[in-house]
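What the coordinates show
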Amino acid sequence: MQRRKLLQTGATAITAAVGTSLISSCTIRREEANTVNALPTIRWRMATSWPISLDTIFGGAETICERVNALSGGKFQIKPYAAGEIVPGLEVLDAVQAGSVECGHTASYYYKGKNPSFAFGTSVPFGLTAQQQNAWLYEAGGIEAMNKIFGDFGVIGFPAGNTGAQMGGWFKQKLEGLQSLQGLKMRIPGFGGEVMSQLGVNVQVLPGGEVYLALDRGAIDAAEWTGPYDDEKLGFARAARFYYYPGWWEPGPTLNALVNKTAWGKLPKEYQAIFNTACYEANLTMLSRYDTRNGSALQRLIKGGTELVPYDNQILTAASSAAFQLYSDISSKDQGFRQLFEQWQKFRQEISSWNKVNEFTFTSFTYQ
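Residues numbered from 1 in each chain as written. Predicted model: local features only at pLDDT ≥ 70, side-chain atom pairs only at ≥ 80, totals over all residues. Heavy atoms only, no water.

Let us look at the overall build of the protein. Along the protein, the regular secondary structure elements total 12 helices and 11 strands. Across the protein, the fraction of contacts at a sequence separation of at least 24, relative to all contacts at a separation of at least 6, is 78%. (Helix = DSSP H or I, 4+ residues; strand = E, 2+ residues; numbered from the N terminus. Contact = heavy atoms within 4.5 Å.)

Laid out in structure tokens, this is it:
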């Protein structure tokens, strides 16, 4: 009797607990659904600096848009546009600043003419590797430092992609030392272009979709873009034979998602968090894709007749000297640049000392 009573009492308690749990669970789900339903439906446009054919770099913009849509349950949608569809590839910052589009995907160093400090948001010659760049941006104050600069232009910036260490460009003729750079016409943006200019190169800045034709038709003698996977897609091997390495001007370049500050301020905090998370994902995804695809693409290029050539030490030494002289010269004239450079340089020295101990010794042995 006692046993039957106990079982009945226990069963009643369990049923009550399960019922309470189900009620609580349904209540939570209903509250979550109500929260999502209460959020506004928002449609944005994203201008980019990339041709749609480059599934890796244009893919960074697509990753952001796809994840924002998925994480918001379709309530917050962004449509990416290739370079030239809304604005030319090198005018994305201007469009976002003006509010012509709410956001963009680009490389901040394209706009160093507006402020030389923009170069650090992407990459500078003999600067940081991809992992070092991420460490500086996310954990050593880099994002905050860059957003002080972006803020002057009415935008907010987010790391949103990285190509990894790049190649050193395609040349129609083999270089024969430092003197062979004199008068050479080369497509190369950012501070890398300024350094090359100091070494005698006639520098051109062209968006990705225009580089092949310029190289093929002889308007330029050399060009750099990213690495084997993209360069193969753009057909550079058909226009030039000699493929140089390393890309000392871009050892770990970050691509940037830029958002108009007024548009950002109107977003619900939930959407702001979603956009930020999507940019994190785009940053990691792009780097992983490039590291996965570049190796096999390089082998295909070599089999097709491309000749790999290392920059000689004379050119690398001269380029390194010119780069740090450039930073010194700008620092002497621009206080904001000097402050950012000093913070960045301190981090660079610290992380380089650490990486010499761990990564450099390991890779030096492994790659023998």
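Now that the structure has been shown, the text picks up again.
Let us look at the nonpolar core. Core analysis: the biggest nonpolar cluster contains 83 residues, and Phe120, Trp136, Phe171, Met196, Trp248 and Tyr311 have the highest contact counts within it. No other element matches the eight residues that helix α11 (residues 313–333) contributes to this core. What tryptophan 136 contacts, discounting residues up to four positions off in sequence, is Phe120, Leu128, Gly141, Gly142, Met146, Leu340, Gln343, Trp344 and Phe347. (Core = buried A, V, L, I, M, F, W, Y, C linked by side-chain atoms within 4.5 Å. Buried < 20%, exposed > 50% of the residue type's maximum accessible area, 1.4 Å probe, protein only.)

Let us look at the sheet that holds strand β10 (residues 254–260). Ordered in space as β2-β1-β3-β10-β4, the five strands form an open sheet in which the pairing is mixed. Bordering the open sheet on either side are β2 (76–81) and β4 (155–162), each of which pairs with just one other strand. The sheet shows a mean angle of 25° between the axes of neighbouring strands, direction not considered. As defined by bridge partners, β4 adjoins β10 across six bridges and the pair is classed as antiparallel. (Pairing = 2+ DSSP bridges. Axes fitted to C-alpha atoms, helices over the stretch in contact; angles between N-to-C directions.)

By volume, the largest pocket amounts to about 910 Å³. Taken together, 22 residues form the lining of the largest pocket, with Thr129, Gln132, Ala165, Pro251 and Glu359 sitting closest to its centre. Elements that contribute at least two residues to the lining of the largest pocket include exactly α4 (130–139) and α12 (335–366). Take the lining of the largest pocket: its biggest share by element is seven residues, from α12. Of the residues assigned to the lining of the largest pocket, the class counts are nine nonpolar, nine polar and four charged. (1 Å grid on protein atoms, 1.4 Å probe; cavity = no way out; pocket = protein on both sides within 12 Å on 5 of 7 lines; lining within 4 Å. Points joined across faces, edges and corners; volume = space filled by probe spheres on them. Nonpolar A, V, L, I, M, F, W, Y, C, P; charged D, E, K, R; others polar.)

This part takes up the packing of α11 against α12. When two helices pack together, their arrangement is given by the angle between the helix axes and by the axis-to-axis distance. At a minimum axis distance of 6 Å, the contact between α11 and α12 shows a crossing angle of 140°. Put simply, α11 runs oblique to α12. Crossing angle aside, the handedness with which α11 passes α12 is left-handed. Packed against α11, whose contacting residues are Phe324, Tyr327, Ile330, Ser331 and Lys333, the element α12 presents Gln335, Phe337, Arg338, Phe341, Gln345 and Arg348 at the interface. (Parallel < 35°, antiparallel > 145°, perpendicular 65-115°, else oblique. Left-handed = near helix turned anticlockwise from the far one by under 90°.)

This part is about the packing of aromatic side chains. Two aromatic rings, taken as a pair, are described by how far apart their centres are and by the angle between their planes. Counting across every chain of the model gives 30 aromatic pairs. Ring plane angle 10° and centroid distance 5.3 Å describe the contact between phenylalanine 126 and tryptophan 248, whose orientation is recorded as stacked. Here the residue phenylalanine 126 occupies a position in the loop between β3 (103–106) and α4, and tryptophan 248 occupies one in the loop between β9 (242–245) and β10, the gap between them amounting to 122 residues. The pair phenylalanine 126 / tryptophan 248 is uniform in exposure class, with both members buried. (Phe/Tyr/Trp six-rings, centres within 6.5 Å; stacked < 30°, edge-to-face > 60°.)

One open sheet accounts for six strands, arranged β7-β6-β8-β5-β9-β11; its pairing is mixed. Unpaired on one side and paired on the other, β7 (202–204) and β11 (307–310) mark the two borders of the sheet. Both strand β6 (residues 185–187) and β7 contribute to a ladder of three bridges, which runs parallel. Across the sheet, the residue bridging to methionine 186 is valine 203, located in β7.

Enumeration according to the criterion identifies three cavities of 30 Å³ or more in this entry. As a volume, the largest cavity reaches approximately 90 Å³. Lining the largest cavity are 15 residues; nearest its centre among them are Tyr109, Tyr110, Gln166, Thr226 and Glu250. Residue composition of the lining of the largest cavity, by class: eight nonpolar, four polar and three charged. Approximately 60 Å³ is the volume found for the second largest cavity. When residues of the lining of the second largest cavity are traced back to their parent elements, those giving at least two are α5 (142–151), β4 and β10. In terms of residue class, the lining of the second largest cavity is built from six nonpolar, four polar and no charged.

A word on α5. Regarding α5, the residues found buried are Gly142, Ala145, Met146, Ile149 and Phe150. One side of α5 carries all its buried residues, which in axial view fall inside an arc of 140°. The secondary structure elements touched by the buried residues of α5 are α4, β4, β10 and α12. (Arc of directions from axis to C-beta.)

Right, let's talk about the confidence of the model for the protein for a bit. The pLDDT averaged across the protein works out to 92; a share of 90% of its residues lies at or above 70. In this model, residues 1–7 is a region of pLDDT below 50 whose contacts with residues beyond four sequence positions or in other chains number zero contacts. Taken together, the stretch residues 28–33 has pLDDT below 50 and engages in zero contacts with residues farther than four places along the chain or on a different chain. (pLDDT = per-residue confidence, 0-100.)

This part covers a nonpolar patch on the surface. A cluster of nonpolar residues, Tyr245, Ile302 and Leu308, forms a patch on the protein surface that exposes about 220 Å² of accessible area. Relative to the helices and strands, leucine 308 resides in strand β11. The exposure class of leucine 308 is partly exposed, given its relative accessible area of 31%. (Patch = residues over 30% accessible without salt bridge, like charges linked within 9 Å, V, L, I, M, F, W, Y side chains within 5 Å. Areas by Shrake-Rupley, 256 points an atom, 1.4 Å probe, with all protein chains shown as cover. Salt bridge = Lys/Arg side-chain N within 4 Å of Asp/Glu carboxyl O.)

Glancing now at the pattern of salt bridges. Side-chain pairing between opposite charges can occur once the charged atoms of the two side chains come close. Tallying each qualifying case throughout the model produces 12 salt bridges. With its nearest N and O atoms 2.8 Å apart, the salt bridge here joins glutamate 232 to arginine 300. Of the two residues, glutamate 232 is situated in helix α8 (residues 228–234) and arginine 300 in helix α10 (residues 269–303); the sequence distance between them amounts to 68 residues. Exposure remark for glutamate 232: the relative accessible area of 27% places this residue in the partly exposed category. Looking at arginine 300, the relative accessible area reads 42%, which means it is partly exposed. Bridged by salt links that share partners, the residues Asp55, Lys233 and Arg293 form one connected network.

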